[in-house]
Amino acid sequence: MRLAAVAFLAGILFFQALPEFPARGWILLLPVVLLALAFFPRLRLPAWGAAGFLWALLLALPPMTLPAELEGVELWVEGWIASIPDREWRNTRFEFVVDRARRGEQPASLADQRLRLAWWNDGEAGTDGNPAPERPALRVGDHWGFAVRLKQPRGLLNPGGFDYERYLYAKGVVATGTIRSQPPPRLLAQSDRYPLDRYRQRVADSFVRLLPGNPYAGILVALAVGEEGGITPWQWDVFNRVGVGHLMSISGSHIGLVAGIVFGLVWIGWSRIPPLALRWPATRAAALATILGAGAYTLLSGLSVPAQRSFLMAAVAMAALFLQRPAAPSRILALALLAVLAVDPGAPLRVGFWLSFGAVAAILYSVSGRWRERRLFGQTVGLQLDITLAMLPPTLVFFQQFPLLSPLANLIAIPWVGCTVLPLSLLAAVLEPLGDAAQALPLALAALTMDGLWHILLWLDRLPGMVLYRPAPPLWTLAFALPGLALLLAPRGLPSRWLGLPLCLPLLWPPASAPEPGGFWFTLLDAGQGLATVVRTQHHVLVYDTGPRLGTTLDAGRAVLVPFLRQQGAIRVDTLIVSHADGQHTGGVRSLRELMPVARILTSTPEQTPIDGAEPCRAGQAWEWDGVRFQMLHPPPTGFSGDDASCVLKVEGAAGRVLLPGDIETAAETVLATTHGAGLMAEILVAPHHGHRNLSTPQFLDAVQPRYVLFSTGYRNRFGYPRSETVARYQATGAALLNASDEGALTFRLEPGQPLAPERYRREHRHYWTAP
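Below is a summary of the structure that appears in this document. (Residues numbered from 1 in each chain as written. Predicted model: local features only at pLDDT ≥ 70, side-chain atom pairs only at ≥ 80, totals over all residues. Heavy atoms only, no water.)

## A few points about the pairing of strand E23 (residues 736-739)
We count it as follows: Two strands qualify as a pair provided that DSSP identifies no fewer than 2 bridges between them. The helix count covers DSSP runs of H or I at least four residues long, the strand count covers runs of E at least two residues long, and both are numbered beginning at the N terminus. Handedness is read with the strands pointing away from the viewer; a crossover is right-handed when the path from the first strand over the helix to the second is clockwise.
Relative to E23, strand E22 (residues 708-711) is paired through 4 bridges, and the arrangement is parallel. Counterpart to Tyr708 in the pairing with E23 is Ala736. On the question of chirality, the crossover connecting E22 to the parallel E23 by way of helix H25 (residues 724-732) is right-handed.

## Description of helix H3 (residues 44-59)
Going by this rule: Expected span of a helix, by definition, is 1.5 Å for each gap between consecutive residues, and there is one gap fewer than residues. Classification of residues uses two cut-offs on accessible area relative to the type maximum, computed with a 1.4 Å probe and protein chains only: under 20% is buried, over 50% is exposed, and between them is partly exposed.
With 16 residues, H3 ought to run about 22 Å at 1.5 Å a step, and its terminal C-alpha atoms sit 22 Å apart, in line with that. Those residues of H3 lying buried are Ala47, Gly49, Ala51, Gly52, Phe53, Leu54, Ala56 and Leu57.

## A few points about the side chain of Asp142
Keep this limit in mind: What makes two residues a contact is simply this: any of their non-hydrogen atoms within 4.5 Å.
For Asp142, the location among the structural elements is in the loop between strand E5 (114-120) and strand E6 (143-151). Not counting residues within four places of it along the chain, the set of residues in contact with Asp142 comprises Gly79, Trp80, Ile81, Ala137, Leu187, Ala189, Gln190, Ser191 and Arg198.

## Overview of a nonpolar patch on the surface
Spelled out, the test is: Nonpolar side chains (Val, Leu, Ile, Met, Phe, Trp, Tyr) are joined into patches within 5 Å and like charges within 9 Å, using only residues with over 30% relative accessible area and no salt bridge. All accessibility values rest on the Shrake-Rupley procedure with a 1.4 Å probe; residue burial counts only the protein chains present in the view. Here, a salt bridge means any side-chain nitrogen of Lys or Arg that lies within 4 Å of a carboxyl oxygen of Asp or Glu.
Side chains of Leu35, Phe39, Phe40 and Leu43 sit close together on the surface and give an oily, nonpolar patch of about 450 Å² of accessible area. Note on Leu35: relative accessible area 49%, which makes it partly exposed.

## Some details on the packing of helix H5 (residues 195-210) against helix H16 (residues 406-430)
Put simply, the test is: In this description, a line fitted to the C-alpha atoms serves as the axis of each element, helices being fitted only across the stretch in contact, and the angle between N-to-C directions of two axes falls anywhere from 0 to 180 degrees. Our angle categories are set so that under 35 degrees counts as roughly parallel, over 145 as roughly antiparallel, 65 to 115 as roughly perpendicular, and the remainder as oblique. Crossings are sorted by hand: turned counterclockwise from the far helix by less than a right angle, the near helix makes the crossing left-handed, and turned clockwise it makes it right-handed. Three residue categories are used. Nonpolar comprises Ala, Val, Leu, Ile, Met, Phe, Trp, Tyr, Cys and Pro, charged comprises Asp, Glu, Lys and Arg, and polar comprises the others, including Gly.
Where H5 contacts H16, the axes come no closer than 10 Å and their chain directions differ by 115°. By the criterion of interaxial angle, the relationship of H5 to H16 is roughly perpendicular. The way H5 lies across H16 gives a crossing that is right-handed. On the side of H5, the interface is formed by Tyr199, Val203 and Phe207, while H16 contributes Ser425, Ala428, Ala429 and Val430. Class assignment for the residues of the contact of H5 with H16 results in 6 nonpolar, 1 polar and no charged.

## Observations regarding the state of the cysteines
As a reminder of what qualifies: The term disulfide is used for any two cysteine sulfur atoms that are within 2.5 Å.
What the rule picks out here adds up to 1 disulfide. Note that Cys617 is cross-linked by a disulfide to Cys647, the S-S spacing being 1.9 Å. One quick way to see it: the torsion about the S-S bond of Cys617 and Cys647 is about -85°, and its sign makes the bridge left-handed. Residue Cys617 is located in the loop between strand E16 (615-616) and strand E17 (622-625), and its partner Cys647 is located in the loop between strand E18 (628-634) and strand E19 (648-653); the two are separated by 30 residues in the primary sequence. With a relative accessible area of 0%, Cys617 lands in the buried category.

## Some words on the packing of aromatic side chains
Using the following cut-off: Pairing of aromatic rings covers Phe, Tyr and Trp, the last through its six-membered ring, and needs centres within 6.5 Å; plane angles under 30 degrees mean stacked, over 60 mean edge-to-face, and all others mean tilted. Only lysine NZ and arginine CZ atoms are considered, and such an atom sits over a ring when it is within 6 Å of the ring centre and within 35 degrees of the ring normal.
With the rule as written, the count across this model stands at 30 aromatic pairs. Ring geometry for Phe8 against Trp48: centres 6.1 Å apart, planes inclined by 80°, an arrangement best described as edge-to-face. Here Phe8, found in helix H1 (residues 2-16), pairs with Trp48, found in helix H3; they are 40 residues apart in sequence, far enough to count as distant. Here Trp48 falls in the partly exposed class, since its relative accessible area comes to 25%. Arranged with centres 5.5 Å apart and planes meeting at 70°, the rings of Phe21 and Tyr768 form a pair that is edge-to-face. One end of the pair, Phe21, is in the loop between H1 and helix H2 (30-39); the other, Tyr768, is in the segment after helix H27 (761-764), and 747 residues separate them in sequence. Through a chain of ring-to-ring contacts, three or more aromatic side chains come together here, namely Phe14, Phe15, Phe21, Phe53, Tyr169, Tyr768 and Trp769. Note that Arg154 overlies the ring of Tyr715, its terminal NZ or CZ placed 4.4 Å from the centroid. In this structure, Arg193 packs its charged tip against the face of Trp80, placed 3.6 Å from the ring centre.

## Looking at the sheet that holds strand E13 (residues 541-546)
Adjacent strands of a sheet form backbone hydrogen bonds with each other and so pair up, either parallel or antiparallel. With mixed pairing, 8 strands are arranged side by side in an open sheet as E16-E15-E14-E13-E12-E11-E24-E25. Two strands in the sheet have a free side with no partner beyond their single neighbour: E16 and strand E25 (758-760). As judged from the 3 bridges shared by strand E24 (residues 746-750) and E25, these two strands associate in the antiparallel manner. Residue Phe748 lies in a different strand from E25, and its bridge partner there is Pro758. Strands in contact with helix H20 (residues 556-567) are strand E11 (520-524), strand E12 (532-536) and E13; relative to E13, the strand with the most contacts, it is inclined by about 165°.

Structural data, given as structure tokens:
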């Protein structure tokens, strides 16, 4: 059973790693594989692997694409709000299932398709000049009609970043779009569908209403109904740095806590009523009640994937207990793994899958045959240390950080949340049908206890040096680290346990990857409609611009730059250059500085860019790192303002040059070409101002003579960048034109003896769900 589960998982992993979706005809081999499992014992292990591959193919949805003729045009769609709306300051986002659609008077083929829509609040006014009337509340299940403009599901694809396209694929979303103000949206019917989600939305709304302005309302909503949108990025940063992020939304730990509470209460109550205890064993009654209680909480979570996975694990264990068929814990874990994979073959794509199964496996390995009730506290502390150590590989692989205070923080937070915050939040959710008065007291107590925990976690977070940041380790290091951890966590009587420590060293200190002296790596990140680039020399890191804001609470610094830098193993930024005061270039500054040390900051307009410690960039500034020369070519002290005053940086190494001109326009281009002439020459040019109209001038392009021209624009952005006339000018030079919105992150490794060629992240790390 154990090897079968591992082989089944391996087959699914092979399927999920494919760059293209395989032909459905392979499914016809599934009966043959089942026959091999039944009648050929020697073939069972490879047959289990083949079964995993074919089962994943059977249940996987072929990637759906929006018809090209419907992209970017106005449509009228009618259908149902299919998810709890996520409200931010200026917009509301939700999923929408289409009933019917039309383009003008012609029907559009979108029936039964799922969209993700954004309704922006741009302060539109009514026809009489007065403010527009307040929008009706958006509630899940309501039937609406909207004028929309759609586009293909697209995400930002960068090393270390979140794969938004995989997220949309898992949700079954075929297009994203925005709601237009004209013709006005129409509410067609109320309470039409999704009664469970409507109840969850009522609970979430009541929490926010009863805790106005309370910073913990979003956390309590996440614990009660699984909606995490109210937790701020700053709160997530604190939780993750101290290692308790898994406790702040419905996950395996919460299903386990609820299962433990239900089992204990029912077993105690049943045992104290003799007629019931004599008629049916308390253990069986408690097991059945646990399945029902954990199932109810899973429903309340909105059937989130982590909750489903954890419920299946708990249900398998309780079923074995109910049937009174004792089995080895490892067999129960293997059976739970098979059940989870059978229901959701996409589960291994999620970090929570590896964290939850890894944690359970570590617990079983640590306590099997070693648990002694008389040493409960000491063993609990030891178990928490074992779990923390066992979580080292997945934590470093997925997050490139390891919170050293995780054992202490979890020792405090797990009982605190399990005994106070979580039960009180669930009680308030259950009491919602009785009105605000019934909810008020447990909700106030939940917020009060969360406030106490928050201050403890905040104090722990402020202790210096308590997070270990490491480069993303290669997967081959796991072949040494996993046996090493098994040795370190083995019973004390096992000889040579210390040998586990050297086996873990490649995981903690993987082989360093850095440019050679005189060479540098240049990366243009896929940051949407904005610019974010990174230059790495052998021992230094420079960031030129930080991209735009990506929403009310998210920006490119947090979503793109910092994950990329940590994945690369950078622990600080030596120089940050903010080319000029424009939101498409400054949006990620604050997050970058909060999450990573920045030694020096240069900007063209320190007075317009309120950044502490920022210095002005000026023509003539120059420095050298590891044999690579950095030269500021623009702006001069006077004569330019706005976009034309952008910091223009030239990076020159032994194998090539890169020119970063910010958003300069014709006037600055002319001065640069006149002043520097052939000194502007660079193999790689980042297009000024994202390919704005009437750029670049022939004189400027003749001076630069680029081999590659790179654009950093958003997919189907509202500005129409890069403009066709500007693209034509670049094409006339014979240069290769590349856009990060089409290619994902673009990396050039300019090192002696290496050919100058781009690494295109979207193409080279393609999966079958990735947009072309």
